[in-house]
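Survey of secondary and tertiary structure
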Amino acid sequence: MPSPNTTAATPFDRPACTVHHEWGTHPVVLICEHASPYIPRACANLGLPEGAELNHIGWDIGALALAQRLSEELDAPLIAANYSRLLIDLNRPLHAPDSIPTRSDTWPIPGNQAIDEAERHARQRLFSDFHGAVARLLERRQRLGLPTRVVAVHSFTPTLNGVARPWELGVLYQDAHDYAQRLLLSLDRQGIHVGDNQPYQIHPDEDVAVPVHGDARGLPCVLLELRNDLLGDERSIDDWARRLSPVL
Ligand SMILES: [Zn+2]
């Protein structure tokens, strides 16, 4: 973890994350690392054209809206990031080469090409603040003996490098085999085209939520990936929340 320099001015003008329903009663704790496309004005949009951050490179389109609906429906805590993943990717370990991505998809990120030590520390502070908040919540629940499952909510693009990704929803996991299989079976029974560890696989060098907050704590943990063209409006998001709530 970086040693935060609390006296240095940074462009980061809001907290790293927002906690909703902190004392929610449901066993599921939701996290949404790619919830926001927000880049502070002082960062000059990292040299990207205006609005580029609203594209999927900047955030997971629809993921926060779905996570909030689930949090409401279940009365489940939700920890959601307040900054774009272009500043620092909260689901990448700090040692990953694309923790602060120099390119994303086909876009070079000019503002990430040559950042100095102070800027790197300020970005890494967003990471440690977010994951510190998740850790505190989970540790408190474990101290209180509350049953807890961790569900990270993400979205993915319908195509990658010209290849169609047919799944409507992917359940990604490593140790939480039983929980994941139960989810996959329930969703399959609803007629949903589910991916078992698709469209990605979890890897400790490329992921944080599942290995750190779930598997290392012995908590059942999955990462849900929804195809973002299925989260285009409020009604679709409500439909997904209705399908997912009873099975999580
Ligand atoms: Zn994501």
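Rules used throughout
- Residues numbered from 1 in each chain as written.
- Predicted model: local features only at pLDDT ≥ 70, side-chain atom pairs only at ≥ 80, totals over all residues.
- Heavy atoms only, no water.
- Helix = DSSP H or I, 4+ residues; strand = E, 2+ residues; numbered from the N terminus.
- Expected span 1.5 Å × (residues − 1).
- Buried < 20%, exposed > 50% of the residue type's maximum accessible area, 1.4 Å probe, protein only.
- Donors = N, O, S within 2.8 Å, 3.2 Å for Na, K, Ca; no water.
- Pairing = 2+ DSSP bridges.
- Axes fitted to C-alpha atoms, helices over the stretch in contact; angles between N-to-C directions.
- Contact = heavy atoms within 4.5 Å.
- 1 Å grid on protein atoms, 1.4 Å probe; cavity = no way out; pocket = protein on both sides within 12 Å on 5 of 7 lines; lining within 4 Å.
- Points joined across faces, edges and corners; volume = space filled by probe spheres on them.
- Core = buried A, V, L, I, M, F, W, Y, C linked by side-chain atoms within 4.5 Å.
- Phe/Tyr/Trp six-rings, centres within 6.5 Å; stacked < 30°, edge-to-face > 60°.
- Salt bridge = Lys/Arg side-chain N within 4 Å of Asp/Glu carboxyl O.

Turning to helix 3 (residues 177-189), a few remarks are in order. Between the first and last C-alpha of helix 3 there are 18 Å, a value that for 13 residues agrees with the 18 Å anticipated at 1.5 Å per step. Taken together, the buried positions of helix 3 are Tyr179, Ala180, Leu183, Leu184, Ser186 and Leu187. Backbone geometry just downstream of helix 3 places Gly191 in the positive-phi region, at approximately 85°.

With that settled, consider the coordination of the zinc ion. Note on metal geometry: ideal angles are 109.5 degrees for four donors arranged tetrahedrally and 90 or 180 degrees for six donors arranged octahedrally. The protein atoms donating to the zinc ion are His34 (ND1), Asp60 (OD) and His154 (ND1), with metal-donor distances spanning 2.0 to 2.1 Å. Here the donor residues for the zinc ion map to a single chain with the spacing H-x25-D-x93-H. With His34 in the loop between strand 2 (28-32) and helix 1 (63-74) and Asp60 in the loop between strand 2 and helix 1, this residue pair connects regions lying 26 residues apart in the sequence. Residues His34 and Asp60 agree in their burial class; the two are buried.

Now for the sheet that holds strand 11 (residues 221-227). In spatial order, the strands read 1-3-2-6-11-9-10; together these 7 strands make up an open sheet with mixed pairing. What marks the edges here is a single partner per strand, and that holds for strand 1 (17-20) and strand 10 (194-196). Across the sheet, the axes of successive neighbouring strands diverge by a mean angle of 20°, strand direction being ignored. As paired elements, strand 2 and strand 6 (residues 149-156) share 4 bridges and run parallel to each other. The residue of strand 6 that forms the bridge with Leu30 is Val151. Along the sheet, helix 2 (residues 117-143) makes contact with strand 1, strand 2, strand 3 (78-81) and strand 6, crossing strand 3 at roughly 175°.

This part is about empty space enclosed by the protein. Taken as a whole and assessed by the stated rule, the structure comprises 1 cavity of 30 Å³ or more. When its volume is computed, the largest cavity comes out at roughly 60 Å³. Forming the walls of the largest cavity are Ala16, Glu33, Ala81, Asn82, Tyr83, Ser84, Arg85, Ile88, Leu90 and Leu126.

Of all hydrophobic cores here, the largest spans 40 residues; its most connected members are Phe12, Ile31, Leu46, Ile79, Leu86, Leu87 and Phe130. Secondary-structure elements contributing two or more residues to this core are strand 2, strand 3, helix 2, strand 6, helix 4 (209-214) and strand 11. Per-element accounting of this core gives the leading share, 8 residues, to helix 2. Membership of the second largest hydrophobic core comes to 36 residues, among which are Ala67, Ile192, Leu231 and Ala241.

Evaluation of the coordinates by the stated rule reveals 2 aromatic pairs. When the ring of Phe12 is compared with that of Tyr83, the centres are 5.4 Å apart and the planes differ by 85°; the resulting orientation is edge-to-face. Taken together, the residues Phe12 in the segment before strand 1 and Tyr83 in the loop between strand 3 and strand 4 (103-104) connect sequence positions 71 residues apart. Across the pair, exposure class does not vary: Phe12 and Tyr83 are buried alike. Within the aromatic cluster, the residues linked to one another by ring pairs are Phe12, Tyr38 and Tyr83.

Quick look at the pairing of strand 2 now. Of all 5 residues in strand 2, 5 are buried; the element is thus mostly enclosed. Because side chains alternate across strand 2, one face comprises the buried residues Val28, Leu30 and Cys32, and the other comprises Val29 and Ile31, equally buried. The pairing of strand 2 with strand 3 spans 3 bridges and is classified as parallel. Following the sheet pairing, Ile31 is matched in strand 3 by Ile79.

To continue, consider the pattern of salt bridges. For the structure on display, the rule yields 10 salt bridges. Of the charged contacts in the structure, one is a salt bridge between Asp60 and Arg85, with a shortest N-O distance of 2.8 Å. Residue Asp60 is found in the loop between strand 2 and helix 1, and its partner Arg85 is found in the loop between strand 3 and strand 4; the two are separated by 25 residues along the sequence. Looking at Asp60, the relative accessible area reads 3%, which means it is buried. Arg85 gets classed as buried once you look at its relative accessible area, which sits at 15%.

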